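Fold and contact review
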Amino acid sequence: MTDIALNESLDYSYGQARERLRKALENAGRTQDDAKLLAVSKTKPAAMIRQVWQLGQREFGENYLQEALGKQAELADLDDIVWHFIGPLQSNKTRAVAEHFDWVHSVDRLKIAKRLSEQRPTHLAPLNICLQVNISREESKAGVLPEELEELAKEVATLPNLHLRGLMAIPAPAQGVDAQRQPLAALREALASLQSSLPNAPLDTLSMGMSDDLEAAVLEGATLVRLGTAIFGARQSA
Ligand SMILES: *Cc1c(COP(=O)(O)O)cnc(C)c1O
């Protein structure tokens, strides 16, 4: 593909993704600023991120630390870009994540949360945190189990350099909006229950909805939808 073809198709698919979110919000009877679009740019080059930024997108999600750090360096001139770390997070990566991201969506253990708080540079705003919930109770999947969520959230809410903002989930794939809605409704209810047990935490974020279940997620109250394929096209399998 020529550069021009690439530019035009990315402009088009980004516009389509925005329109999809707009319609989903409208169909759900929600207002247009009730949910934001997080552009998931993993495996995609910095030039594509820059192009989508030029179209007005500010929130970007990355899964792989080394890859993300390289792209952040290339895009250092975009000073209002907001970086979200959404991939699996091991202890040996917490320092770089605490230093280079604004949000982390994949916290599911107290040990990781404590390290992020200790390692967050104090000249930066607190790191925004979503706890990842294993909402479909899949064996060997990341995320805290629903029955362990409240205890973890209470501990994380006390950590000084973090802001506990909400919950994230990647439900098991399901066919059709009705089936997709069930785990997403469970995540919404889990957030509501945390809001009553932790009234002082800024719990305003439901990070759910991907290219395959955006509409279901918006119906269930998603506030941050994470679209990769719908914006950037298919990824090469890793
Ligand atoms: C890759 C990824 C996405 C985007 O998925 P698409 O199906 O490409 O929209 C969203 N969230 C997480 C956590 C991801 O890893």
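What counts and how
Residues numbered from 1 in each chain as written. Predicted model: local features only at pLDDT ≥ 70, side-chain atom pairs only at ≥ 80, totals over all residues. Heavy atoms only, no water. Helix = DSSP H or I, 4+ residues; strand = E, 2+ residues; numbered from the N terminus. Rg over C-alpha atoms; globule rule 2.2 N^0.38 Å. Buried < 20%, exposed > 50% of the residue type's maximum accessible area, 1.4 Å probe, protein only. Areas by Shrake-Rupley, 256 points an atom, 1.4 Å probe, with all protein chains shown as cover. Lys, Arg positive; Asp, Glu negative; His and termini not counted. Charge placed at Lys NZ, Arg CZ, Asp CG, Glu CD. UniProt positions renumbered as here; feature names shortened; annotations may be inferred. Core = buried A, V, L, I, M, F, W, Y, C linked by side-chain atoms within 4.5 Å. Contact = heavy atoms within 4.5 Å. Polar contact = N/O pair within 3.5 Å; in protein donor to acceptor, adjacent residues only side chain to side chain. Near = heavy atom within 4 Å. Nonpolar A, V, L, I, M, F, W, Y, C, P; charged D, E, K, R; others polar. Salt bridge = Lys/Arg side-chain N within 4 Å of Asp/Glu carboxyl O.

The next subject is the overall build of the protein. Scanning the protein from terminus to terminus reveals nine helices and eight strands. Taken over C-alpha atoms, the radius of gyration comes to 17 Å for the protein, in line with the 18 Å a tight globule of 238 residues would show. For the protein, the spread of C-alpha atoms along the principal axes amounts to about 50 × 40 × 35 Å. Scored against the burial criterion, the 238 residues of the protein give a buried share of 49%. Counting only carbon and sulfur atoms, one obtains 50% of the accessible surface of the protein, whose full area is about 11,700 Å². Side-chain charges in the protein split into 26 positive and 32 negative, and the spacing between the mean points of these groups amounts to 2 Å.

When the UniProt feature table is mapped onto this chain numbering, "domain: Alanine racemase N-terminal" (unreviewed entry) sits at residues 24–235. End C-alpha atoms of residues 24–235 are separated by 24 Å, and the span's content is 39% helix alongside 18% strand.

Okay, the nonpolar core next. Here is a general trend for soluble globular proteins: nonpolar side chains tend to be buried in one another's company. Of all hydrophobic cores here, the largest spans 66 residues; its most connected members are Phe 60, Val 104, Leu 116, Ile 129, Leu 131, Leu 167 and Ile 231. With six residues, the single largest contributor to this core is helix H1 (residues 3–27). Excluding anything up to four places from it in sequence, Val 104 contacts Phe 85, Leu 89, Val 97, Leu 116, Leu 127, Asn 128, Ile 129 and Cys 130.

Moving on, we get to the side chain of Glu 59. With respect to the helices, strands and loops of the structure, Glu 59 is situated in strand E2 (residues 59–62). Residue Glu 59 is classed as buried on the basis of its relative accessible area, which comes to 10%. Here Lys 36 takes part through its side chain, which lies 3.2 Å from a polar atom of the side chain of Glu 59.

Let us now look at the site of the ligand. Around the ligand, a shell composed of Val 40, Lys 42, Asn 63, Ile 86, Ile 170, Met 210, Ser 211, Arg 226, Leu 227, Gly 228, Thr 229 and Arg 235 is seen. For the ligand, an oxygen atom lies 2.7 Å from a polar atom in the side chain of Lys 42. Between the ligand and Asn 63, the relevant distance is 2.7 Å, taken from an oxygen atom to a side-chain nitrogen or oxygen of the residue. Its residues assigned to classes, the shell around the ligand comprises five nonpolar, four polar and three charged.

Locating Ile 86 in the fold gives a position in the loop between strand E3 (82–85) and helix H4 (94–100). Sequence separation between Ile 86 and Arg 226 is 140 residues; the distance between their C-alpha atoms is 9.4 Å. The contact partners of Ile 86, leaving out residues within four places of it in the chain, are Leu 38, Val 40, Gly 61, Glu 62, Asn 63, His 105, Ser 106 and Met 168.

All right, on to the pattern of salt bridges then. Throughout the structure, instances matching the rule amount to 17 salt bridges. We note a salt bridge from Arg 50 to Asp 77, for which the minimum N-O separation is 2.9 Å. Linking Arg 50 in helix H2 (residues 46–54) with Asp 77 in the loop between helix H3 (65–74) and E3, this pair joins segments that are 27 residues apart in sequence. Residue classification places Arg 50 among the partly exposed residues on the basis of a relative accessible area of 24%. As a salt-bridge pair, Glu 150 and Lys 154 come within 2.8 Å of each other at their nearest N and O atoms.

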